[in-house]
Protein chains: 2
Amino acid sequence: VTKTSLTEQLRSGNRLALARILTQVENDTPTGQLALDELFPFTGKAHLVGITGSPGTGKSSLANQLARLLRQKKDQAPIAILAVDPTSPFSGGALLGDRIRMRDLSGDPGIFIRSMASRGALGGLARTTSALVQVLDAAGFDWILIETVGAGQSEVEVARLAHTTVVVEAPGLGDDIQAIKAGILEIADILVVNKADLAGVENTERALRASLEMAHDENNGNKPVWKPILLRTEATRGIGVDAVLDAILAHRKFLESSGDWKTRERSRLQAELDSLIVQSLYRQWQNSPDAHQYQDLLQKVWAHELSPTHAASQVTGEI
Amino acid sequence: VTKTSLTEQLRSGNRLALARILTQVENDTPTGQLALDELFPFTGKAHLVGITGSPGTGKSSLANQLARLLRQKKDQAPIAILAVDPTSPFSGGALLGDRIRMRDLSGDPGIFIRSMASRGALGGLARTTSALVQVLDAAGFDWILIETVGAGQSEVEVARLAHTTVVVEAPGLGDDIQAIKAGILEIADILVVNKADLAGVENTERALRASLEMAHDENNGNKPVWKPILLRTEATRGIGVDAVLDAILAHRKFLESSGDWKTRERSRLQAELDSLIVQSLYRQWQNSPDAHQYQDLLQKVWAHELSPTHAASQVTGEI
């Protein structure tokens, strides 16, 4: 099986070929890189939906229910769920928990589920996620749900890949949870209070509404603005999930009519290009004569004789 | 007031000069950069203690209590607390909550407290934190407590700055909290179950102990290895905080006797140098003739005619 035919197999719907290419891409192998290049012309079609939130909010359940409902409402369109678990650097993969929780969906061949874990390279999580999403996109999935844990900076970056970002909260998750909300709210297109049967749901909703008003206070003037939608669900029982799907579809209409769909895709591609440019420059520098001074200058930095800034300028020949 | 004299004022203990330089450094101004270069020879002395954990674990209280106790036990040594709040990109600073919670310490002039928020630049959080820590270090603080929220990848990077990392947990923070623990445990030198008066503390401790064994399973052979210490506290009442401080001091002894103190400092400086090299290379490329093709190639990427990888190689002249 040559590499070319593997991507052809993926394009014709072969799930084994898809799984193999995803593994190559996740491990950043030359085969994976080649596949990404070959598949690139076929990307840019899927609707990417980010589903993010703190631990314990039940976002996996919500993702599962959304996938199921999308299948029904969208003429059995093929759907992929990518569960991103950056918190497991040593397991070599996402934790068993997620896989088990998702198993109830795997009977449906139109829903493809993949877990991934980052091994902690700087900027690696968003980059790997983006690459895997491109493969799924080229494989013809109309909808890709990207599920992320937590609200750290790298999760925010992952969420920025998505066309639509659903932030999931739940009542009663600790007293400084407000701090978490503040950052994540900026990226929320749809805000879901899950586990709405729990005590304190009104308080959570009130706090979120207040924070939302704060986060989206500044208006850009003429440009049409999406006002985040706040909804309640009980995902495990399927309650309220229809409304979340309707909000996602409404957001898609907004993105298309406002031109944001195209803008987001373009920013994403530009960011990817910029990151690859930096990597290419570094590779070239490593093979240049300049790089030979590196060890000497590093020693001076270690001795606190030369500041890192000055050392960097010298070793790259900038001054 | 010239720039030079501002850093001299900082070095002689002027808190206003310190606050001003921190602001310049946080905003990444040329003045801030100059100050960092001038202060670099005076860095490398402080013990950096990272205190990290999920929302609701009470790590702010623990940081406060530790600072108070360190002052008593270490002959009134000057102490800084840097509260890193990456979740607040739009507030332009950490949330009011943290500042209020910490106010009970601000009567002691030997404890300097600073909050910061990252505005979300890639890799920006760890870089800014590192720079602020260097300023505090040069200002003569023997102990710098770096408090971070959450357990995302960028918080892990911030924690890696520290000599000693204290990970704070609390009982009953949701069902998929295990996933969070997995990643953060790898970096824990000391593990604290705070709010030990709450129900479920035994379960939390048991789960942590099991995860710890998993995380630290692989031994490097000859090298002496630090075995993470697991402790219980009720930080708001000051219970168990002495033991945490003792563990921090024991960890410091270990770092010094094993040579890890030096190794960590050196890796940190090398990582900083590498990051500055990349920035310098990018600046130089932007002013090179190669960069002129950028817009054309970007258009082709946007049209899905050319993959980002190929575009990057072309625009940097790598192929």
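One structure accompanies this document, and this report is about it.

Calculation criteria
- Throughout this document, residue positions are counted from 1 along each chain, in the order its sequence is written.
- For this description, chains carry letters from A and ligands carry numbers from 1, given in the order in which they are written.
- In keeping with the predicted nature of the model, local features appear solely for residues at pLDDT of at least 70, side-chain atom pairs appear and are counted solely at 80 or more, and the whole-chain, interface and lining totals rest on all residues.
- No hydrogens and no water enter the side-chain calculation; it runs on all heavy atoms of the structure.
- When DSSP finds at least two bridges between two strands, those strands are taken to pair.
- Counting from the N terminus, the helices are the DSSP runs of H or I reaching at least four residues and the strands are the DSSP runs of E reaching at least two.
- Orientation is described by lines fitted to C-alpha atoms, with helices fitted over the stretch in contact, and by angles between N-to-C directions that extend from 0 to 180 degrees.
- Each residue is assigned to one of three classes by its accessible area relative to the maximum for its type, calculated with a 1.4 Å probe on protein chains only: buried under 20%, partly exposed between the two thresholds, exposed over 50%.
- Contact between two residues is taken to exist if any of their heavy atoms lie within 4.5 Å; hydrogens are not considered.
- Pairing of aromatic rings covers Phe, Tyr and Trp, the last through its six-membered ring, and needs centres within 6.5 Å; plane angles under 30 degrees mean stacked, over 60 mean edge-to-face, and all others mean tilted.
- Here, over-ring charges are defined by two tests on the NZ atom of lysine or the CZ atom of arginine: distance to the ring centre within 6 Å, and angle to the ring normal within 35 degrees.
- Think of a salt bridge as a Lys or Arg side-chain nitrogen and an Asp or Glu carboxyl oxygen that are within 4 Å of each other.
- Under this scheme an angle from 65 to 115 degrees is roughly perpendicular, one under 35 degrees roughly parallel, and one over 145 degrees roughly antiparallel; angles in between are oblique.
- A clockwise turn of the near helix away from the far one marks a right-handed crossing, whereas an anticlockwise turn of less than a right angle marks a left-handed crossing.
- Under this grouping Gly is polar, as are all residues other than the nonpolar Ala, Val, Leu, Ile, Met, Phe, Trp, Tyr, Cys and Pro and the charged Asp, Glu, Lys and Arg.
- Throughout, nonpolar core names a set of buried Ala, Val, Leu, Ile, Met, Phe, Trp, Tyr and Cys residues whose side chains join them through atoms within 4.5 Å.
- The directions from the helix axis to the C-beta atoms form the arc being described.

### A closer look at the sheet that holds strand β2 (residues 79-84) of chain A
Residue and element names in this part refer to chain A.
- The strand order β3-β2-β4-β1-β5-β6-β7 describes an open sheet built from seven strands, whose pairing is parallel. Every other strand in the sheet has two partners, leaving β3 (111-116) and β7 (229-232) as the edge strands with one partner each. Averaged over neighbouring strand pairs, the angle between their axes works out to 20 degrees when direction is ignored.
- As defined by bridge partners, strand β1 (residues 47-53) adjoins strand β5 (residues 164-169) across five bridges and the pair is classed as parallel. The residue bridging Thr52 from the neighbouring strand is Val167, located in β5.

### So, the side chain of Thr129 of chain B
Residues and elements named next belong to chain B.
- Mapped onto the secondary structure, Thr129 falls in helix α6 (residues 124-138).
- Judged by relative accessible area, Thr129 falls into the buried class, the value being 0%.
- Residues contacting Thr129, with those up to four places away along its chain left out, are Leu82, Val84, Met116, Ile146, Val158 and Leu161.

### Re the sheet that holds strand β3 (residues 111-116) of chain B
Residues and elements named next belong to chain B.
- Here seven strands make up an open sheet; going across it, the order is β3-β2-β4-β1-β5-β6-β7 and the pairing parallel. Only two strands of the sheet have a single neighbouring strand rather than two, namely β3 and β7 (229-232). Here the average twist between neighbouring strands, direction ignored, is 20 degrees.

### Description of helix α13 (residues 308-315) of chain B
- With respect to burial, α13 of chain B is a largely interior element, six of its eight residues being buried.
- Along α13 of chain B, the residues that are buried comprise Pro308, Thr309, Ala311, Ala312, Ser313 and Val315 of chain B.
- Buried residues in α13 of chain B make contact with α3 (30-39) and α11 (260-286) of chain A together with α11 (260-286) and α12 (294-302) of chain B.
- Of the residues trailing α13 of chain B, Gly317 of chain B is marked for its positive phi of about 70 degrees.

### Observations concerning the packing of aromatic side chains
- Inspection of the entire model under this criterion finds eight aromatic pairs over all chains.
- Ring centres 5.8 Å apart and planes at 35 degrees place the aromatic pair Phe112 of chain A and Phe141 of chain A in the tilted group. Of this pair, Phe112 of chain A sits in strand β3 while Phe141 of chain A sits in the loop between α6 (124-138) and β4 (143-149), and the two are 29 residues apart along the sequence. Both residues of the pair, Phe112 of chain A and Phe141 of chain A, count as buried.
- By way of ring pairs, the aromatic residues Tyr282, Trp285 and Tyr294 of chain A are connected into one cluster.
- Taking NZ or CZ as reference, Arg252 of chain A lies 5.2 Å from the ring centre of Trp143 of chain A, over its face.
- Lying over the aromatic face of Phe42 of chain B, Arg11 of chain B brings its terminal NZ or CZ to 3.9 Å of the ring centre.

### Focus: the pattern of salt bridges
- Summed over the entire model, instances satisfying the criterion amount to 18 salt bridges over all chains.
- In this structure, Glu256 of chain A engages Arg252 of chain A in a salt bridge whose closest nitrogen and oxygen atoms are separated by 3.2 Å. On the criterion of helical spacing, the pair formed by Glu256 of chain A and Arg252 of chain A is a turn pair, its members being four residues apart in helix α10 (residues 241-258).
- The partly exposed category is assigned to Arg252 of chain A, whose relative accessible area is 21%.
- For Arg232 of chain B, the salt bridge is made with Glu205 of chain B, and the minimal N-O distance between the two is 2.7 Å.

### Notes on the packing of helix α4 (residues 59-73) of chain B against helix α10 (residues 241-258) of chain B
All names here are of chain B.
- At a closest axis distance of 10 Å, the pairing of α4 and α10 adopts a crossing angle of 70 degrees. Viewed along their axes, α4 and α10 adopt a mutual orientation that is roughly perpendicular. When the axes of α4 and α10 are compared, the crossing they make is right-handed. Contacts between α4 and α10 involve Leu62, Gln65, Leu66, Leu69, Leu70 and Lys73 from the first element and Val241, Asp242, Val244, Leu245, Asp246 and Ile248 from the second.
- Grouping the amino acids of the contact of α4 with α10 by side-chain chemistry returns eight nonpolar, one polar and three charged.

### Notes on the nonpolar core
- Among the nonpolar cores identified, the biggest contains 34 residues, and Ile277 of chain A together with Ile277 of chain B are the most heavily contacted of them.
- Contributing elements (two or more residues each) for this core: α11, α12 (294-302) and α13 (308-315) of chain A together with α11, α12 and α13 of chain B.
- Setting aside residues no more than four positions away along its own chain, Ile277 of chain B makes contact with Tyr282, Trp285, Tyr294, Ala312, Val315 and Thr316 of chain A.

### Describing α12 of chain B
- Residues of α12 of chain B that are buried include every one of Tyr294, Leu297, Leu298, Val301 and Trp302 of chain B, and no others. Down the axis of α12 of chain B, the sector holding all buried residues measures 145 degrees, keeping them to one side.
- Structurally, α12 of chain B contributes buried residues whose contacts are with α11 of chain A together with α11 and α13 of chain B.
- One or two steps after α12 of chain B, the chain reaches His304 of chain B, where phi turns positive at roughly 60 degrees.

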